[in-house]
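Structural features, examined
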Amino acid sequence: MGESLLITLREGFEAALVVAIVLAAVHRGNRPDMARWVWAGTAAALLVSAAAGVVLHLTVEDLTGVPRLRTFALICLAAAGLLTWMVFWMRRHARGLRAELEGRVEDAVAHSALALAGVAFVAVAREGLETALFLVSSTGAGSPSDVLIGGLAGLVVAVALGVAVYHGSRVVPMRLFFQVTGVLVIVIAAGLLARSVQFLQAAGDLGTADDAVYDLTGFGWLTIDTQSGRFLAGILGWDPRPSVEQVLVYAAYLVPTLVLFLRGARPRRPVPHASAAEGTTATA
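This structure is a prediction, so every number in the text was calculated from the model and none was measured.

Thoughts on the overall build of the chain
Across its full length, the chain holds 10 helices and 0 strands. In the chain, the succession of α and β elements from N to C terminus is α-α-α-α-α-α-α-α-α-α. Here the chain, with 284 residues, has 43% of them falling under the buried criterion. Partitioning the contacts of the chain with sequence separation of at least 6, the portion at a separation of at least 24 is 82%. As presented, the chain carries roughly 14,800 Å² of accessible surface, and 68% of it is formed by carbon and sulfur atoms.

Thoughts on a nonpolar patch on the surface
A surface patch of nonpolar side chains, about 440 Å² in accessible area, is lined by Leu148, Leu152, Leu155, Val159 and Val163. Within the fold, valine 163 resides in helix H6 (residues 144–166).

A word on the environment of serine 4
Relative to the assigned elements, serine 4 resides in helix H1 (residues 2–28). We classify serine 4 as buried; its relative accessible area is 1%. Each C-alpha atom of the pair serine 4 and serine 137 lies 9.8 Å from the other, and the pair is 133 residues apart in sequence.

Brief notes about the pattern of salt bridges
In the structure shown here, the tally under the stated rule is 5 salt bridges. Here arginine 70 makes a salt bridge to aspartate 205, at a shortest N to O gap of 2.7 Å. With a gap of 135 residues between them, arginine 70 in helix H3 (residues 65–93) and aspartate 205 in the loop between helix H7 (174–203) and helix H8 (227–236) connect regions that are remote in the sequence. Its relative accessible area of 40% is what places arginine 70 among the partly exposed residues. Counted as one network, the salt bridges with shared partners bring together Asp211, Asp215 and Arg241.

A few points about the confidence of the model for the chain
Model confidence for the chain is summarised by a mean pLDDT of 80, while 86% of its residues fall at 70 or above. Within the chain, helix H9 (residues 244–265) carries the highest mean pLDDT (91), whereas helix H10 (residues 272–283) carries the lowest (40). Low pLDDT, under 50, characterises residues 270–284; the predicted model gives this stretch 1 contact beyond four residues in sequence or across chains.

Considerations on the packing of aromatic side chains
Evaluation of the coordinates by the stated rule reveals 7 aromatic pairs. On the numbers, 5.9 Å between centres and 35 degrees between planes, the contact of phenylalanine 13 with phenylalanine 178 is tilted. Of this pair, phenylalanine 13 sits in helix H1 while phenylalanine 178 sits in helix H7; the two residues are 165 residues apart in sequence, bridging distant segments of the chain. Through successive ring pairs, a cluster of aromatic residues spans Phe13, Phe177 and Phe178. A cation sits over an aromatic face here: arginine 126 above tryptophan 89, 4.3 Å from the ring centre.

Quick notes on the side chain of threonine 257
Its place among the elements puts threonine 257 in helix H9. With relative accessibility at 9%, the residue threonine 257 sits in the buried group. When neighbours within four sequence positions are excluded, threonine 257 is seen to be in contact with Thr84, Phe88 and Ile186.

Side note on the nonpolar core
Of all hydrophobic cores here, the largest spans 32 residues; its most connected members are Leu83, Phe134, Ile186, Ile188, Leu192 and Leu254. When residues of this core are traced back to their parent elements, those giving at least two are H1, H3, helix H5 (113–138), H7 and H9. If near-sequence neighbours (up to four positions away) are discounted, phenylalanine 134 is found in contact with Glu3, Ser4, Ile7, Ala79, Leu83, Ile188 and Leu192.

Looking at the environment of alanine 164
With respect to the secondary-structure elements, alanine 164 resides in helix H6. Sequence separation between alanine 164 and alanine 20 is 144 residues, and the spatial gap between their C-alpha atoms is 9.5 Å.

Focus on the environment of leucine 236
Topologically, leucine 236 is positioned in helix H8. C-alpha of leucine 236 to C-alpha of valine 187: the two residues are 49 residues apart in sequence and 6.0 Å apart in space. Residue contacts for leucine 236: discarding those within four places in its chain leaves Val187, Phe231 and Tyr250.

What to know about the packing of H3 against H7
Closest axis-to-axis distance for the H3/H7 pair is 8 Å, and the angle between their directions is 160 degrees. When the interaxial angle is binned, H3 and H7 end up roughly antiparallel. Along this stretch, H3 crosses H7, giving a crossing that reads as left-handed. Within the contact of H3 with H7, the residues separate by chemical class into 23 nonpolar, 3 polar and 2 charged.

What counts as what
Residues numbered from 1 in each chain as written. Predicted model: local features only at pLDDT ≥ 70, side-chain atom pairs only at ≥ 80, totals over all residues. Heavy atoms only, no water. Helix = DSSP H or I, 4+ residues; strand = E, 2+ residues; numbered from the N terminus. Buried < 20%, exposed > 50% of the residue type's maximum accessible area, 1.4 Å probe, protein only. Contact = heavy atoms within 4.5 Å. Areas by Shrake-Rupley, 256 points an atom, 1.4 Å probe, with all protein chains shown as cover. Patch = residues over 30% accessible without salt bridge, like charges linked within 9 Å, V, L, I, M, F, W, Y side chains within 5 Å. Salt bridge = Lys/Arg side-chain N within 4 Å of Asp/Glu carboxyl O. pLDDT = per-residue confidence, 0-100. Phe/Tyr/Trp six-rings, centres within 6.5 Å; stacked < 30°, edge-to-face > 60°. Lys NZ or Arg CZ within 6 Å of the ring centre and 35° of its normal. Core = buried A, V, L, I, M, F, W, Y, C linked by side-chain atoms within 4.5 Å. Axes fitted to C-alpha atoms, helices over the stretch in contact; angles between N-to-C directions. Parallel < 35°, antiparallel > 145°, perpendicular 65-115°, else oblique. Left-handed = near helix turned anticlockwise from the far one by under 90°. Nonpolar A, V, L, I, M, F, W, Y, C, P; charged D, E, K, R; others polar.

As structure tokens, this is what we get:
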């Protein structure tokens, strides 16, 4: 439940933020009546994302045995890759996101209503499809009901935060929100990679030098049979009895990725000679 809540919260908030920026740009223009096309594009994106999620879920649900394990391994790998890309993409484009979207809105309004709907559709569909893929991968560690409840809860909070931002509220410290959730998402991605190793080993496609680096299955609250165990598995990628390959993959991804993310998140110090050059240019 924890991982689905966090991902839908972050992805949902990104989508809500995009819609809020697009709507604000439309209302500031000379065609506020075209806002309905933004909602049309958003609704279409949500329907496509939901349909993709249902198809993925039904496809996986019909699989059994080794094919099911291999499919979950591939889904976990894909979800981890998308989550990593999403975190670094947002960090790179966060500052210029508003200006970029407003520029697209101006161009879209000048061309057609469908173009405006397309701006909202593409932005929201991207987040929605990523979320659908991730939620399917989450069913490998938790029950479908837990994933659904957590996902819906995260989505509700995300929409509420998006509405607050649209109405000018500063209740959401953007930089802190994306930095904290970014770290947590990277931890979740590490767990997905370790889980993909577990699925491949269970399918017999990957061997092991040691199938139990440690064994804490004797503590019931640490296993996925309990809510606490599923929460730890979802957020931290916890496994009470991991193989050495799971631990190595987890650490090999987590440490360098966190270093890159946190190093890039630090505010840059102004370079003296660059500032002087800018001042000279401004004066000239």
